[in-house]
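Results of the structural survey
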Amino acid sequence: MQILDNLISPGIAELQSALGRATHRQSMLMNNLANVNVPGYKRKDIDFHTMLESAKHSTQVKQMAIDDAAQRRSDQTSIRLDGNNVDLEREVASVTETEMFYQAVTDLTAGYFQGLKSVIREGK
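A brief look at the structure comes next. (Residues numbered from 1 in each chain as written. Predicted model: local features only at pLDDT ≥ 70, side-chain atom pairs only at ≥ 80, totals over all residues. Heavy atoms only, no water.)

This part is about the overall build of the protein. Along the backbone of the protein there are 4 helices and 2 strands. Listed by position from the N terminus, the elements making up the protein come as α-β-α-α-β-α. Here the protein holds 124 residues, and the buried ones make up 28% of them. Partitioning the contacts of the protein with sequence separation of at least 6, the portion at a separation of at least 24 is 73%. Counting only carbon and sulfur atoms, one obtains 60% of the accessible surface of the protein, whose full area is about 8,500 Å². (Helix = DSSP H or I, 4+ residues; strand = E, 2+ residues; numbered from the N terminus. Buried < 20%, exposed > 50% of the residue type's maximum accessible area, 1.4 Å probe, protein only. Contact = heavy atoms within 4.5 Å. Areas by Shrake-Rupley, 256 points an atom, 1.4 Å probe, with all protein chains shown as cover.)

Tallied over the entire structure, the rule returns 1 aromatic pair. Aromatic pair Tyr112 and Phe113: ring centres 5.8 Å apart, planes at 85 degrees, arrangement edge-to-face. Of the residues examined, Phe113 reaches a relative accessible area of 43% and is grouped as partly exposed. (Phe/Tyr/Trp six-rings, centres within 6.5 Å; stacked < 30°, edge-to-face > 60°.)

Right, dumping it as C-alpha cells:
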C-alpha cells in the first residue's frame, strides 16, 4: 500500500490544495459583496499567483503561514467617502475568475481519476 500511496497521493494533494484555495477565495469575495454597504469596510482577497507559487515549494507544516501571507487587505484605496473600498464590478469579475479556476481544477481532477481508472483497467 505504501507504493500506491506514494504514486497517487502527491497529485491528489496538489489538486485538493488548489480546490481549497479556490473555495477560500470565493468565501472571501462573497464576504466582500455582503459588506458592500458597510462604512469603513476594506475588501479582502487572496493573491492566487503568489500563494500557489509559494505552495509548490513548501511543506505541509508551512501551509498556514503561506495562507496568512497570501491573504491581504486592500487598504490603500477607498472608492467612497465612507471609507469602503469594495467595487461591485471588481468583486463580480473576481468571483467569475475564481469560478473558472475552480472548474478548471475540477476538470483536472476528473481527468486525473480517469487516468487512474484507465491504468487500473490496463487501458481498456
